[in-house]
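# Coordinates in review
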Amino acid sequence: MLFFSETLTMVSDTGEPLGELTIDVQKGKYRDELGVISDCLIVHAFNRGYLDNTLCGNSLLGYLSGKMEIMEQHSHEFIKFLVLPMERKTSLVRQEDQLAMTRIVKEGEEMKTEVTFFPWNSIAGFISEAANLVLLRAMGRRQMVPSNACFLALDTEGKLCYSTYQALGFQTIQVGRQQAEVFIVEQTVHSEEGIPMSCQFYLFSDGHLAKRVQVGSPGCCIITKMPILREEDEVEPPPVFEKKPLAWEEDMELYSRFLDRKEELRLCHTSYMRHHPEAALISDFLFFLWWRQAADGVTFAPENFGAFSVADAGQFFFLRSTQPSNSFRSLVREGGAPSCAG
């Protein structure tokens, strides 16, 4: 629900349009330096306009993991002053167990390049500019800011500092001919060297940005057309059908099918037993096994089926057993005559 594109208009304090701000968050793929491809969030933001009749703007392209950890980010800012134009580029790239930052600052013809490495375990909780845009959308959807929301961030000079978020409540704003309620979140970047910089974000219930105000700046960014607020689709539970009793015995057609099927199975079983008499022997064996409660089924089997052996016809097979089964009573009487009792 956080993947969408939005555009706001940059206006002066008198309402004069100065430019546009576009923010886009989408799903994508990222290939790291080892060639491994993984899922990611792609954040692209761009604005271009005029400040005191001076052309300025910045662009941002970031790749984030599902945990909003930075994979790679590139930002570019410029102000086209007539005397001394200024340009600043910052690149952040994760390299195994560290984060590499490259800053290029150009003022006029002078250019400075600075490379800094941050150990990965030292920047736990770091929220990049790209992650900040996604985090604000999540806060807008939840209509709340987590308590003690404090994260690591980078100030304008590329120095690590901390950034805080606080909720400023709700407000009703006018968008065209419509009125809508927005949730206000203020982010403050606390630079260790400079003064804190605060920015207020007015968010709709689906995460769309309605207004952005840089505290102390004469202008702001506002939305000019009410967006279609995105809502999660409610998954309806599957219909439940009550089980109705089936009075099949009272239905002539079903009862007739039952009788036909019953007769079909009976004839099939009878035919099978006719062509496979050994099935009856197995049935008898299991019956006698149960009836005699034989302690050793393996010994009982040859004693049971041995009586049907053609080679031993006319002899008492059980007399040949060196270890008679306890399942049978003794086959030899006290007088020595064999007994068939039992």
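The structure presented is a predicted model; accordingly, all values stated were derived computationally and were not measured. (Residues numbered from 1 in each chain as written. Predicted model: local features only at pLDDT ≥ 70, side-chain atom pairs only at ≥ 80, totals over all residues. Heavy atoms only, no water.)

## With respect to the overall build of the protein
Each helix and strand in the protein was counted, giving four helices and 14 strands. Counting across all 342 residues of the protein, residues that qualify as buried make up 32%. Summarising the internal contacts of the protein: among those between residues at least 6 apart in sequence, 37% fall at separations of at least 24. Of the roughly 23200 Å² that the protein leaves accessible, carbon and sulfur atoms contribute 55%. (Helix = DSSP H or I, 4+ residues; strand = E, 2+ residues; numbered from the N terminus. Buried < 20%, exposed > 50% of the residue type's maximum accessible area, 1.4 Å probe, protein only. Contact = heavy atoms within 4.5 Å. Areas by Shrake-Rupley, 256 points an atom, 1.4 Å probe, with all protein chains shown as cover.)

## Examining the environment of Leu154
Of note, Leu154 is situated in strand β9 (residues 150-154). Overall, Leu154 belongs to the partly exposed group, its relative accessible area being 22%. Each residue touching Leu154, except ones within four places of it in the same chain, is listed here: Leu92, Met101, Phe118, Phe126, Lys159, Leu160, Cys161 and Val189.

## Describing the pattern of salt bridges
All told, the structure shown has eight salt bridges when counted by the stated rule. Measuring nitrogen to oxygen at the nearest pair gives 2.4 Å for the salt bridge that ties Asp39 to Lys29. Here Lys29 lies in strand β2 (residues 17-31) and Asp39 lies in strand β3 (residues 37-51), a separation of 10 residues in the sequence. Comparing Asp39 with Lys29, the two get one shared label, exposed. When the shortest N-O distance is used, the salt bridge between Arg103 and Glu114 registers 3.9 Å. Within this pair, whereas Arg103 is found in strand β7 (residues 98-107), its partner Glu114 is found in strand β8 (residues 110-119), the two being separated by 11 residues in sequence. By relative accessible area, Glu114 is classed as partly exposed at 33%. (Salt bridge = Lys/Arg side-chain N within 4 Å of Asp/Glu carboxyl O.)

## Some remarks on the packing of aromatic side chains
Summed over all chains, the structure comprises nine aromatic pairs. Taken together, a centroid distance of 5.8 Å and an interplanar angle of 75° make the contact between Phe151 and Tyr165 edge-to-face. Of this pair, Phe151 sits in strand β9 while Tyr165 sits in strand β10 (residues 160-175), and the two are 14 residues apart along the sequence. Between the NZ or CZ atom of Arg94 and the centre of the ring of Trp120, over which it lies, the distance is 3.8 Å. It is Lys211 that lies over the ring of Tyr202; its NZ or CZ is 5.3 Å from the centre. (Phe/Tyr/Trp six-rings, centres within 6.5 Å; stacked < 30°, edge-to-face > 60°. Lys NZ or Arg CZ within 6 Å of the ring centre and 35° of its normal.)

## Overview of empty space enclosed by the protein
To find leftover empty space, a probe the size of one water molecule is rolled over the atoms. As enumerated under the stated definition, the model contains one cavity of 30 Å³ or more in all. Considering only enclosed or pocket space, the largest cavity measures out at about 60 Å³ in volume. What lines the largest cavity is simply Glu6, Ile23, Leu133, Leu136, Arg137, Phe201, Leu203, Gly207 and Leu209. For the lining of the largest cavity, the elements supplying multiple residues, two or more each, are α1 (129-142) and β12 (197-203). Broken down by element, the residue count for the lining of the largest cavity peaks at three residues, all from α1. Of the residues in the lining of the largest cavity, the class split is six nonpolar, one polar and two charged. (1 Å grid on protein atoms, 1.4 Å probe; cavity = no way out; pocket = protein on both sides within 12 Å on 5 of 7 lines; lining within 4 Å. Points joined across faces, edges and corners; volume = space filled by probe spheres on them. Nonpolar A, V, L, I, M, F, W, Y, C, P; charged D, E, K, R; others polar.)

## Description of the pairing of strand β11 (residues 178-190)
As paired elements, β10 and β11 share 13 bridges and run antiparallel to each other. Along β11, the bridge assignment pairs Ile173 with Ala180. Hairpin connection, β10 to β11: the antiparallel pair is bridged by two residues, and Gly176 has positive phi, about 65°. As defined by bridge partners, β11 adjoins β12 across seven bridges and the pair is classed as antiparallel. Bridge pairing in β12 links Thr188 to Ser198. Counted between consecutive antiparallel strands, the loop separating β11 from β12 contains six residues. (Pairing = 2+ DSSP bridges.)

## What to know about unusual backbone geometry
The phi torsion at Gln143 lies on the positive side, around 55°, for a residue other than glycine. Summarising the element assignment, Gln143 is placed in the loop between α1 and β9. The backbone phi angle of Asn148 is positive, close to 55°, even though this residue is not glycine.

## Concerning the nonpolar core
Ranked by size, the top nonpolar core spans 29 residues in total, and within it Val43, Leu64, Val134, Val145, Tyr165 and Val185 carry the most contacts. For this core, the secondary structure elements donating two or more residues are β1 (5-11), β2, β3, β4 (54-64), α1, β11 and β12. Per-element tally for this core: the top contributor is α1, with seven residues. Apart from residues lying up to four places away in sequence, Val43 is in contact with Asp24, Val25, Leu60, Leu61, Gly62, Leu64, Ala130, Leu133 and Val134. In this structure, Val11, Ala180, Phe204 and Ile223 belong to the second largest nonpolar core, which totals 13 residues. (Core = buried A, V, L, I, M, F, W, Y, C linked by side-chain atoms within 4.5 Å.)

## Let's talk about the packing of helix α3 (residues 278-292) against helix α4 (residues 297-305)
Helices that pack against each other are described as a pair by the angle of their axes relative to one another and the distance between those axes. For the pair α3 and α4, the least separation of the axes is 11 Å and the interaxial angle reads 125°. When the axes of α3 and α4 are compared, the pair comes out oblique. The interaxial crossing formed by α3 with α4 has right-handed handedness. Residues Leu281, Phe285, Phe288, Leu289 and Arg292 of α3 touch α4, and the partners they reach there are Gly297, Phe300, Ala301, Asn304 and Phe305. Residue composition of the contact of α3 with α4, by class: seven nonpolar, two polar and one charged. (Axes fitted to C-alpha atoms, helices over the stretch in contact; angles between N-to-C directions. Parallel < 35°, antiparallel > 145°, perpendicular 65-115°, else oblique. Left-handed = near helix turned anticlockwise from the far one by under 90°.)

All we've got here are geometric facts, nothing functional implied.
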